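Reading the structure
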Amino acid sequence: MALDRIEQLVEKYFEAQTSIAEEKELKVYFSSSNVAQHLQQYQIVFGYFEKEKKEQFKATLPLETKTLKKATWLAIAASVTVFLGVGMFMYTNNEQAKIPSEYGTYENPEVALKETQKALALLSKHVNTGIESVNYITEYETSKNRIFKK
């Protein structure tokens, strides 16, 4: 009956459904010398846990690491970069405010009319080019539909 219980506990253990008390029971069983032959393969697993539990870390760790120095320099570099970025932003905004904009209003209405007509003619030329391209694509679609009937 105890062997059946151990087999059930092993199955529960590998399905991660055992309690701490059941795991202790398994450790006690597998640390004994009378383990069933078909369960001896699991003895290594539970023996490993017991062996590793006794091991201790004995090395000393250095208090100051190189990453701390690198982190300090990285923080300083980031601060300088942010400072220079803000400074350049402020400088360029002040310089742009001093330069008169070429997209302002016209004082003379005749000059404004001529400039507007020039801009609209340029826009019309590009729109007509686009319409010609669309006509070409439409012609291609009709030719394709004649050849490849759906």
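Residues numbered from 1 in each chain as written. Predicted model: local features only at pLDDT ≥ 70, side-chain atom pairs only at ≥ 80, totals over all residues. Heavy atoms only, no water.

All right, on to the overall build of the protein chain then. Regarding its fold elements, the protein chain presents five helices and zero strands. Starting at the N terminus and walking to the C terminus, you meet the elements of the protein chain as α-α-α-α-α. Restricting the contact set of the protein chain to residue pairs at least 6 apart, pairs at least 24 apart contribute 28%. Accessible surface, the protein chain as shown: approximately 13,900 Å² in total, 62% of it carbon and sulfur. (Helix = DSSP H or I, 4+ residues; strand = E, 2+ residues; numbered from the N terminus. Contact = heavy atoms within 4.5 Å. Areas by Shrake-Rupley, 256 points an atom, 1.4 Å probe, with all protein chains shown as cover.)

A few words on the pattern of salt bridges. A full pass over the atoms with the stated rule returns four salt bridges. Across the pair glutamate 25 and arginine 5 runs a salt bridge whose closest N-O atoms are separated by 3.3 Å. Residue glutamate 25 is found in helix α2 (residues 20-31), and its partner arginine 5 is found in helix α1 (residues 2-14); the two are separated by 20 residues along the sequence. The residue glutamate 22 makes a salt bridge to lysine 12 at a minimum N-O spacing of 3.0 Å. Residue glutamate 22 is found in helix α2, and its partner lysine 12 is found in helix α1; the two are separated by 10 residues along the sequence. Look at glutamate 22 and you get buried, because its relative accessible area is 14%. (Salt bridge = Lys/Arg side-chain N within 4 Å of Asp/Glu carboxyl O. Buried < 20%, exposed > 50% of the residue type's maximum accessible area, 1.4 Å probe, protein only.)

Right, let's talk about helix α5 (residues 109-147) for a bit. When the terminal C-alpha atoms of α5 are compared, their 57 Å separation across 39 residues agrees well with the 57 Å that a helix rising 1.5 Å per residue should span. Near the N-terminus of α5, the side chain that reaches the backbone nitrogen of glutamate 110, with its oxygen 3.3 Å away, is that of asparagine 108. (Expected span 1.5 Å × (residues − 1). Polar contact = N/O pair within 3.5 Å; in protein donor to acceptor, adjacent residues only side chain to side chain.)

On to the nonpolar core, then. In globular proteins that are soluble, nonpolar side chains generally tend to be buried together. Membership of the largest hydrophobic core is limited to 11 residues, which are Ile6, Leu9, Val10, Tyr13, Leu26, Tyr29, Phe30, Val35, Ala36, Leu39 and Phe46. Of all elements in the fold, only α1 and α2 reach the threshold of two or more residues within this core. The dominant element in this core, judged by the number of residues it contributes, is α1, at four residues. (Core = buried A, V, L, I, M, F, W, Y, C linked by side-chain atoms within 4.5 Å.)

Turning next to the packing of α1 against α2. For the pair α1 and α2, interaxial distance at closest approach is 10 Å and the crossing angle is 120 degrees. By the angle between their axes, α1 is oblique relative to α2. Along this stretch, α1 crosses α2, giving a crossing that reads as left-handed. Counted together, Leu3, Arg5, Ile6, Leu9, Val10, Lys12 and Tyr13 of α1 and Glu22, Glu23, Glu25, Leu26, Tyr29 and Phe30 of α2 form the full contact between these two elements. Residue composition of the contact of α1 with α2, by class: eight nonpolar, no polar and five charged. (Axes fitted to C-alpha atoms, helices over the stretch in contact; angles between N-to-C directions. Parallel < 35°, antiparallel > 145°, perpendicular 65-115°, else oblique. Left-handed = near helix turned anticlockwise from the far one by under 90°. Nonpolar A, V, L, I, M, F, W, Y, C, P; charged D, E, K, R; others polar.)

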